[in-house]
Amino acid sequence: MGDLRFSFELFPPRTAEGVAKLPTVVAELAALRPDFFSVTHGAGGSDQDGTYETLLTVVRQTGIEAAPHLTCIGSTRANVAAQLERYREAGVKRIVALRGDLPATAMSSAAPGEFQYAGDLVRFIREEHGDAFWIEVAAYPEMHPQAENPGADFDHFRRKVEAGADAALTQLFYNSEAYFDFMERCGRAEIRIPIYPGILPITSFEKTQRFCSGCGADLPRWVRLRLEQLKDDKQALLDFGLSVVTRLCETLLRNGAPGLHFYTINQAAPTMRLWEALGMAVPA
Ligand SMILES: Cc1cc2nc3c(=O)[nH]c(=O)nc-3n(C[C@H](O)[C@H](O)[C@H](O)COP(=O)(O)OP(=O)(O)OC[C@H]3O[C@@H](n4cnc5c(N)ncnc54)[C@H](O)[C@@H]3O)c2cc1C
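Since we're looking at a predicted model, the values are computed, not measured.

Enquirer: Can you help me understand a positive patch on the surface in this one?
Expert: Among the surface-exposed residues, K207, R210, K234 and R273 lie close enough to one another that they form a single positively charged patch. When you line up the elements, R273 lands in helix α11 (residues 269-277). On the basis of relative accessibility, which here comes to 33%, the residue R273 falls in the partly exposed class.

Enquirer: What is the right way to look at unusual backbone geometry in this model?
Expert: Glycine aside, residues mostly have negative phi, and peptide bonds are mostly found in the trans state. Despite not being glycine, R33 shows a phi value in the positive range, around 55°. Position of R33 among the secondary structure elements: in the loop between α1 (16-30) and β2 (36-39).

Enquirer: Teacher, can you tell me more about a negative patch on the surface here?
Expert: Residues E206, E228, D232, D233 and D239 make up a contiguous surface patch of negative charge. Tracing the backbone shows D232 in the loop between α9 (221-230) and α10 (234-254).

Enquirer: What am I meant to see in the site of the ligand here?
Expert: Near the ligand you find 23 residues, and of these H41, D101, Y140, H144 and D153 are the closest. Between an oxygen atom of the ligand and a main-chain N or O atom of G100, the distance comes to 3.1 Å. Side-chain polar atom of H156 to an oxygen atom of the ligand: 3.0 Å apart, as the coordinates give it. Protein coverage of the free-state accessible area of the ligand, which is 970 Å², stands at 84%.

Enquirer: Looking at this structure, how should I read the nonpolar core?
Expert: Note on soluble globular proteins: their nonpolar side chains tend to be buried together. In this structure, F37, F157, Y174, I195, I199, L252 and L260 are the most contacted members of the largest nonpolar core, which totals 78 residues. With eight residues, α10 is the largest single contributor of residues to this core. When residues no more than four places from it in sequence are discounted, the contact partners of F157 are V137, A138, A139, A168, F182, C186, I191, I193 and I195.

Enquirer: How do you make sense of the packing of aromatic side chains when you look at a structure like this?
Expert: Describing an aromatic ring pair means giving the distance of the ring centres and the angle of the ring planes. Tallied over the full model, the rule gives 13 aromatic pairs. Aromatic side chains F154 and F182 sit 5.5 Å apart centroid to centroid with 75° between the ring planes, which places their arrangement in the edge-to-face category. Note that F154 is positioned in helix α6 (residues 150-162) and F182 in helix α7 (residues 176-188), a separation of 28 residues in sequence. By the burial criterion, F154 is buried, and F182 matches it. One aromatic cluster is present, built from ring pairs that chain together F6, F8, F37, F262 and W275.

Enquirer: Would you mind showing me how to read α9 here?
Expert: An α-helical turn contains 3.6 residues, so any two residues separated by three or four positions project in the same direction. Burial in α9 covers these residues: V223, L227 and L230. When α9 is viewed along its axis, its buried side chains cluster within an angular range of 70° and face the same direction. Exposed residues lying more than 90 degrees from the buried face of α9 are R221 and Q229.

Enquirer: Just to check I follow, could you spell out the pattern of salt bridges for this structure?
Expert: Side chains carrying opposite charge are able to pair once their charged atoms draw close together. This structure, assessed with the given rule, holds eleven salt bridges. Between D166 and R126 there is a salt bridge whose closest N-O contact spans 2.7 Å. You can see D166 sitting in the loop between α6 and β6 (167-172) and its partner R126 sitting in helix α5 (residues 118-129), a full 40 residues away along the chain. Linking R158 and D155 is a salt bridge whose minimum nitrogen-to-oxygen distance equals 3.4 Å. In this pair, R158 and D155 both sit in helix α6, three residues apart, roughly one turn of the helix. Residue classification places R158 among the partly exposed residues on the basis of a relative accessible area of 23%. Accessibility expressed as a relative area gives 31% for D155, which makes it partly exposed.

What counts as what
Residues numbered from 1 in each chain as written. Predicted model: local features only at pLDDT ≥ 70, side-chain atom pairs only at ≥ 80, totals over all residues. Heavy atoms only, no water. Patch = residues over 30% accessible without salt bridge, like charges linked within 9 Å, V, L, I, M, F, W, Y side chains within 5 Å. Areas by Shrake-Rupley, 256 points an atom, 1.4 Å probe, with all protein chains shown as cover. Salt bridge = Lys/Arg side-chain N within 4 Å of Asp/Glu carboxyl O. Lys, Arg positive; Asp, Glu negative; His and termini not counted. Charge placed at Lys NZ, Arg CZ, Asp CG, Glu CD. Helix = DSSP H or I, 4+ residues; strand = E, 2+ residues; numbered from the N terminus. Buried < 20%, exposed > 50% of the residue type's maximum accessible area, 1.4 Å probe, protein only. Near = heavy atom within 4 Å. Polar contact = N/O pair within 3.5 Å; in protein donor to acceptor, adjacent residues only side chain to side chain. Core = buried A, V, L, I, M, F, W, Y, C linked by side-chain atoms within 4.5 Å. Contact = heavy atoms within 4.5 Å. Phe/Tyr/Trp six-rings, centres within 6.5 Å; stacked < 30°, edge-to-face > 60°. Arc of directions from axis to C-beta.

Shown next as C-alpha cells:
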C-alpha cells in the first residue's frame, strides 16, 4: 500500500467494562501498524483528562503515535493553552483541531467561550506553538449539517486550511462521489493538503442510521433498505456491510485517496475484517 496513511480513532472509555476491554482492542488494532491512533475529546473540555489518559495508555502500550482531538467551543484560551502545554510536555506532535458541539442547553445557558470555530483554534495553536504540532482538521464532503450552504461551508474549510492546517480527516460517508467532488473543489481552490476519508464500518442497521442522521451523512437508499431487511440476521448484515465498505475503500484508494481514517468505536473486529478484505498485509 506504499505511502498510504492509515489511522484509527478511539474514544476514552466511559464504563468500567470499556476501560477493561481497551488494552485488548488497542493491541489488536496496533498489530495492523497504523500510522497513528487518535483519541476523541468531549466539547467544552468535558473529558479532557479521559483523552489525555487514554492517549498516554495507547502510546505506552504500543509505542505508536497517538493524537488527541482538541475541541474549542465553550473553552477559554487559558484552558486550551494549558492542554496544549500538557500535550507538548508529553511529546505529542499531532493534534486534531475541532470546534466540537456543545449540548443545546450548555450553548444557551453558558457563554460560548473564547473560540467560535475550529479555524480560531488552528490560528491559536500556530500563534502559541508555531510548527510544534502537525494539525489535522475536519472536512465535510456532504456539508456540515449547520452550514448555510455547501459553498459557504467550503469557504470556511478553505479558511481553516489557510489558518494553518496540515491535513484533514473527513466526516464519515458512504458515497464516494461526495469525496471526489470535494477533492475537485479543493483542486480548483488550490487546497493542497491531504484529505483522508473517514470510514465507519457497518455493524448494525440502527447504529448506522443513527450515526448518519447525527452528522448529516447520506446513507444510500439501497444500503438502508438492505440493512433494514438484514437487521435480525447479524452475520448476513455484517457480510453485507463489509462488502459495501470494502468497495467504498477500494474505490477511494484506487482513485487517489491518500489513505483512510477508521472510526473504530473502540471495537477491533470490524476494522480488522475490513483490513483483511482490502488485502492489506498484517505485519509479522
Ligand atoms: C474526523 C472528525 C473527528 C471528530 N472528533 C470529535 C471529537 O473528538 N469531539 C467532538 O466533540 N466532536 C468531534 N467531531 C465532530 C465535530 O466537532 C462537529 O462536526 C462540529 O459540529 C464541527 O466541528 P469542526 O471542527 O468541523 O467545526 P468548524 O470547522 O468550526 O465548522 C463548524 C460550522 O461552522 C461553520 N463555520 C466555520 N467557520 C466559520 C466562520 N468563520 N464563520 C461562519 N461559519 C463558520 C462551518 O461551515 C460549519 O457549519 C469530529 C468530526 C470529525 C469529522
